[in-house]
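# Overview (structure and organization)
Read off the chains here:
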Amino acid sequence: MAQCPVNSCEICDNSIGRRFCMDCEQLFCKSCEISHLKTKSCVNHVFKDADKAKPEVKTPICKQHGEKYTYYCNTCSSLTCNICLPTTHNKHDFCLIDAAASKTRSLLNREVKVAEDRIRRANQKVISFRLNLKNFEDEVDNTKTDIAERVAVIIKALNDTKDSYFKSIDEHKSKESRKMKDEIDKIENTIAIENDIQSLNQMKSMVDGQNDIILLDLFSDFTKTLKELSLLDIFDKESTAHAKFFPASMKPGTIEKLIGSIKLVQFNGAEVKPNIKVGDRVRVKSRVKKPTLGWGPGVSHKSIGTVVDIPSNTSGLIHIQFPSYSCWEGYLNEIELV
């Protein structure tokens, strides 16, 4: 049966390291543990059985001296060991790691809560935007449906009007055509055209001829015929029926007035409220592969510029002066403080 490796005490190297200091991350024998806890700076260190202790992260040590960090230099914002402190950090503002860590934890707790609140509000904003998007898309579909229904109503009204016009025209045609045909029949029934023409030709012959007796003998017949023909004078007034169409003038906007108007409102995006102000030193965020409005001459992720203007009447625009490009323009959500 395979045996588990046995580690020796990292302090004396003479005994088996059965105890593990969670603060120092070292194996101790029982004797060294007792001595360790008697040291003033280590009196509160926590020990566990070595086989139960499972340190997940190895605490870094001073690369220069191989010593454990014991102090934090506030001036340099860096960890320091007992050897570095009196040399590199002489006369600096420093404190024990526990005090610095306590202060840092308090600061991080506040910042984490702020960040969590930002994430919560951002998620709420996403949910709100998704709902607004769904409502907008539904509104677009409903608007198109309303327009189609309105046009259908107008088309039906136009077709109904057309059918009414056609019906009126057909009725007018039937009525007036019948009246005109009756008038033609009346005229044709008033005279016998062939006989009347023959009688007129005979009259003309008698008038032009030399036989006075025959002329006088037929005069009464001629007079009767002429009297009958005089009835044709009542048909001198000529009349005709009409059926004409006068299209209405189509002024600009006539169709729109019939259908109705539409109103299109643009989406301006979420209001950007960064803590960047004029005069700040900034750069393009590393996660931004390419700014929306482009890089500009000589500008890259490494370029650091100064904010010269943040127009209040634009949607998140910012003007930055870079060393290689003095009039760079982009969006606030693509910029970060240096």
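Residues numbered from 1 in each chain as written. Predicted model: local features only at pLDDT ≥ 70, side-chain atom pairs only at ≥ 80, totals over all residues. Heavy atoms only, no water.

## As for the overall build of the protein
- For the protein, the helix and strand inventory stands at six helices and 11 strands.
- Buried positions account for 19% of the 338 residues belonging to the protein.
- For the protein, contacts bridging at least 24 residues in sequence account for 42% of all contacts bridging at least 6.
- Here the protein has roughly 27000 Å² of accessible surface; of this, 55% comes from carbon and sulfur atoms. (Helix = DSSP H or I, 4+ residues; strand = E, 2+ residues; numbered from the N terminus. Buried < 20%, exposed > 50% of the residue type's maximum accessible area, 1.4 Å probe, protein only. Contact = heavy atoms within 4.5 Å. Areas by Shrake-Rupley, 256 points an atom, 1.4 Å probe, with all protein chains shown as cover.)

## Observations concerning the layout of surface pockets
- Estimates place the volume of the largest pocket at around 1200 Å³.
- In terms of lining, the largest pocket is formed by 34 residues, of which the most central are Asp23, Lys68, Tyr69, Thr70 and Ile97.
- Of all the secondary-structure elements, those providing two or more residues to the lining of the largest pocket are strand S2 (26-28), strand S4 (71-73) and helix H2 (97-190).
- With six residues, H2 is the single largest residue contributor to the lining of the largest pocket.
- Looking at the lining of the largest pocket residue by residue, the classes come out as 15 nonpolar, 10 polar and nine charged. (1 Å grid on protein atoms, 1.4 Å probe; cavity = no way out; pocket = protein on both sides within 12 Å on 5 of 7 lines; lining within 4 Å. Points joined across faces, edges and corners; volume = space filled by probe spheres on them. Nonpolar A, V, L, I, M, F, W, Y, C, P; charged D, E, K, R; others polar.)

## A short note on helix H1 (residues 30-38)
- Every buried residue belonging to H1 is among Cys32, Glu33 and His36, and all of these are buried. In an axial view of H1, the angular spread of the buried residues amounts to 105°, which keeps them on one side of the axis. Among the exposed residues of H1, those pointing more than 90 degrees away from its buried face are Lys30 and Lys38.
- The inward-facing, buried residues of H1 abut strand S1 (19-21), S2 and strand S3 (47-49). (Arc of directions from axis to C-beta.)

## Considering the side chain of histidine 45
- Checked against the element boundaries, histidine 45 lands in the loop between H1 and S3.
- Among the residues examined, histidine 45 registers a relative accessible area of 16% and is labelled buried.
- At a separation of 3.2 Å, a polar atom in the side chain of histidine 45 contacts the side chain of histidine 36.
- Contacts of histidine 45, omitting those with residues within four sequence positions, involve Cys21, Asp23, Cys24, His36, Leu37 and Lys68. (Polar contact = N/O pair within 3.5 Å; in protein donor to acceptor, adjacent residues only side chain to side chain.)

## Describing the UniProt feature "coiled-coil region" (unreviewed entry) in the protein
- In this structure's numbering, the residues bearing the UniProt feature "coiled-coil region" (unreviewed entry) are residues 105-139.
- Split by type, residues 105-139 is 100% helix and 0% strand. Its first and last C-alpha atoms lie 50 Å apart. (UniProt positions renumbered as here; feature names shortened; annotations may be inferred.)

## Quick word on the sheet that holds S2
- Reading across from one edge, S2-S1-S3 is the order of the three strands in this open sheet, with antiparallel pairing throughout. The open sheet has two edge strands with one neighbour each: S2 and S3. Along the sheet, successive strands turn relative to each other by an average axial angle of 35°, direction set aside.
- Relative to S2, S1 runs antiparallel, the two sharing three bridges. Opposite cysteine 21, over in S2, you have glutamine 26 as the bridge partner.
- Helix-sheet contacts for H1 involve S1, S2 and S3, and the interaxial angle to S2 is about 110°. (Pairing = 2+ DSSP bridges. Axes fitted to C-alpha atoms, helices over the stretch in contact; angles between N-to-C directions.)

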